[in-house]
Amino acid sequence: MAAERLRAAGARVLDLTLSNPTRAGLAYPEAEILAALGDARSLRYEPTAKGLLEAREAVAAWHARQGAVAHPEQMLLAASTSEAYGWLFKLLCEPGDAVMAPRPSYPLFECLATLDGVRTVQYPLLEELRWGVDVAELERHLDERARAVILVNPNNPTGTYVKRGEWLKLQEFAAMRGLALIVDEVFFDYAWGEDGRRVSSLEGPHLALTFTLSGLSKIAALPQMKLGWVHVAGPEELRREALERLEWIADSYLPVSAPVLHAAERWLEWTPAVQEAIQERVWRNRQVLGEVVQEGSAWRVMPAEGGWMALLDAPRIHSEEEWALEFLEQYQVLVQPGYFFDFQREALVAVSLLTGEEEFREGLGRLSRIFRPV
Ligand SMILES: Cc1ncc(COP(=O)(O)O)c(C=O)c1O
C-alpha cells in the first residue's frame with residue numbers, strides 16, 4: 001500500500017482514518033478496566049445460552065440510563081455485533097435468501113452475509129434526504145427472497161439517524177412484507193446535538209420482528225473485550241419463536257468469555273466518561289475541519305448528525321481515488337475515498353474524527369492550501 005511505501009521511505013504519514021479507540025490516546029481508567037476482569041466468579045464455567053443474566057441486566061440498566069427500554073429476557077449476548085449478525089442471518093435466511101443492506105454504509109455486511117450463504121442486495125440511502133431511508137426506494141430494490149432489512153442508526157459514515165416518521169413507515173412496510181428489521185446502533189450515543197425526531201429501534205411500535213444490535217466496541221470504546229448484544233422485539237408470537245431459535249443458535253456457539261461477562265457491569269458504569277472524552281475529541285476535530293474548509297472553498301464538509309466520521313465533498317475534477325492518492329503522495333496525509341463505503345457518486349473523502357487532535361490539525365494544515373476559498 002502507498003502509505004506503507006512512504007513510511008518505509010522515511011515519510012511521516014499522518015493517518016486521518018484512525019477508527020480504533022484504543023489507539024486514539026484516550027484516557028482509559030486502565031487499572032479499573034483490568035481489575036474488573038479479576039472477578040472470582042469467572043473461575044467457574046456456568047454456560048447459559050443467552051449469556052449471563054447479570055450481564056444482560058447490566059446492559060438493560062445501561063439502556064435505561066440512556067432513556068431506552070430493553071428487556072434482559074429479550075436479549076442475547078455475543079462476542080460482537082459481527083457475531084450477532086451471523087446468528088441473525090442463520091435465523092432468518094435459507095442459503096440463497098437475501099438481506100437488504102443500505103448503501104452507502106459500513107462495508108462489512110456483504111462479507112458477513114456471504115459467510116452464511118446469504119446474498120446482500122443494496123438499497124440506496126438518498127442524499128436528498130441527507131442519506132435517510134426512502135421506503136418507496138427500498139421497495140423498488142426489494143429482492144423477492146429478501147428476509148430482512150438492515151439499518152445503521154446512525155449510519156456510518158454519513159452520521160444520519162433514523163427519524164420517528166421514517167421508523168413508523170419502515171415498521172409498517174416490514175410487517176406488511178414479512179421482513180425483519182436489523183438495526184445496528186453501535187454509534188447511537190454519539191449524537192452531535194439534540195433532535196427530538198430521532199428514534200432508537202428499541203422504541204416501538206414494533207409491528208415487525210425487530211433486532212437491535214450494539215456492544216462495547218463503540219459504546220465503551222472497548223472493541224478488544226468482545227462483547228455485543230442483540231435485543232429482540234416484535235409481535236409476541238414472532239418474538240417468542242425468534243428468541244427460542246436464537247437461543248438454540250447461540251447455545252451451539254457456547255457463551256462469551258466469563259471474565260468479560262462478569263466485568264461488563266463495571267465497564268458499563270464508566271461509559272459516560274469515555275463517551276464524553278470521545279465527544280470532545282469529535283467536537284474539537286469538527287471545529288478544526290470548519291476552520292480549514294471555509295466558506296467559499298470548492299470543498300464542502302457534509303452535514304451530519306453524529307458518529308465518528310466526517311465526509312468531505314470534493315470538487316469532481318478528480319475522482320475520490322485520485323484525491324486520496326494526491327493527499328498521500330504530495331502531503332503524506334491518509335484519508336479514505338468514499339467508495340470504501342460504496343457511495344453511489346464521486347467524489348467523497350472520509351476522515352475519522354477520532355484521530356488525535358494534533359495529528360488531525362497538522363494533517364488538515366498540510367491540506368489547507370487545497371481547501372482554500374476559490
Ligand atoms: C456500523 C458498525 N457496526 C458494527 C461494527 C463492529 O462492531 P463489533 O466490534 O461489535 O463487531 C462497526 C465497526 O466499525 C460499525 O461501524
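Keep in mind the model is a prediction, meaning the values are calculated, not measured. (Residues numbered from 1 in each chain as written. Predicted model: local features only at pLDDT ≥ 70, side-chain atom pairs only at ≥ 80, totals over all residues. Heavy atoms only, no water.)

## Section: the environment of L77
Mapped onto the secondary structure, L77 falls in strand β2 (residues 75-78). C-alpha separation for the pair L77 and V133, spaced 56 residues apart in sequence, amounts to 28 Å. Excluding anything up to four places from it in sequence, L77 contacts K50, G51, L52, A55, R56, V59, W87, L227, G228, W229, V256 and L261. (Helix = DSSP H or I, 4+ residues; strand = E, 2+ residues; numbered from the N terminus. Contact = heavy atoms within 4.5 Å.)

## Overview of the domain arrangement of the protein
Considered domain by domain, the protein is made up of domain 1 (2-27 + 272-371) and domain 2 (41-269). Summarising the inter-unit geometry, the C-alpha centres of domain 1 and domain 2 are found 28 Å apart. With 27 residues of domain 1 at the interface, the matching set in domain 2 holds 35 residues. Carbon and sulfur atoms make up 56% of the surface buried where domain 1 meets domain 2, a total of about 2600 Å² over both sides. One salt bridge connects K163 with E305, and the closest N-O pair in it is separated by 2.9 Å. Inspection of the domain 1/domain 2 interface yields 16 residue pairs in polar contact (both at pLDDT 80 or more). Broken down by secondary-structure element, the contributors of at least two residues to the side of domain 1 that touches domain 2 are α11 (271-292) and β10 (309-313). Tallied by class, residues from the side of domain 1 that touches domain 2 come to 15 nonpolar, 7 polar and 5 charged. (Domains from an automatic or database assignment. Buried area = accessible area lost by both parts, 1.4 Å probe. Salt bridge = Lys/Arg side-chain N within 4 Å of Asp/Glu carboxyl O. Polar contact = N/O pair within 3.5 Å; in protein donor to acceptor, adjacent residues only side chain to side chain. Nonpolar A, V, L, I, M, F, W, Y, C, P; charged D, E, K, R; others polar.)

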